[in-house]
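# Descriptive analysis of the structure
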Amino acid sequence: MAALRAQPRNSAEGASFRVALDKTRARILQILQLDRENEQLLLALQPGRCQRRRGRVCVASPSPSILQKIYQRH
């Protein structure tokens, strides 16, 4: 934060820094939005949760032995 505050703001160098900072902020916001969307999708598609929207049906939770086999493979 101190390095950001120390940058000149009124010179030509400060203008290019400001553009780069704005692009970085925009990219961070995009990443945060994607992360939120991914989290919502993961929660919606969790095994054992019922989703009756768009033709989805309830999915039974997998047995612990099946989950163990999946974790061992990865």
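Being a predicted model, the structure only gives us computed values, none of them experimental.

Cut-offs and rules
Residues numbered from 1 in each chain as written. Predicted model: local features only at pLDDT ≥ 70, side-chain atom pairs only at ≥ 80, totals over all residues. Heavy atoms only, no water. Helix = DSSP H or I, 4+ residues; strand = E, 2+ residues; numbered from the N terminus. Buried < 20%, exposed > 50% of the residue type's maximum accessible area, 1.4 Å probe, protein only. Areas by Shrake-Rupley, 256 points an atom, 1.4 Å probe, with all protein chains shown as cover. Patch = residues over 30% accessible without salt bridge, like charges linked within 9 Å, V, L, I, M, F, W, Y side chains within 5 Å. Salt bridge = Lys/Arg side-chain N within 4 Å of Asp/Glu carboxyl O. pLDDT = per-residue confidence, 0-100. Contact = heavy atoms within 4.5 Å.

Bringing the overall build of the protein into the picture now. Within the protein one finds three helices and zero strands. Tracing the protein from N to C terminus, the helices and strands come up as α-α-α. By the burial criterion, 5% of the 74 residues in the protein qualify as buried. Accessible area for the protein stands at about 6900 Å²; split by element, carbon and sulfur atoms hold 58% of it.

Right, let's get into a nonpolar patch on the surface. Judged by side-chain polarity, Ile66, Leu67, Ile70 and Tyr71 come together as a nonpolar surface patch covering roughly 390 Å² of accessible area. Take Ile70: it is sitting in helix H3 (residues 64–73).

In this model, the protein carries a mean pLDDT of 76, and residues with pLDDT of at least 70 account for 72%. Confidence, read as mean pLDDT per element, is least for helix H1 (residues 2–6) in the protein (71) and greatest for helix H2 (residues 12–44) (86).

This part is about the environment of Pro8. Along the polypeptide, Pro8 turns up in the loop between H1 and H2. Each C-alpha atom, one on Pro8 and one on Arg18, is 9.6 Å from the other, the two residues being 10 residues apart in sequence. Those residues in contact with Pro8 that sit more than four places away from it in its chain are Glu13 and Gly14.

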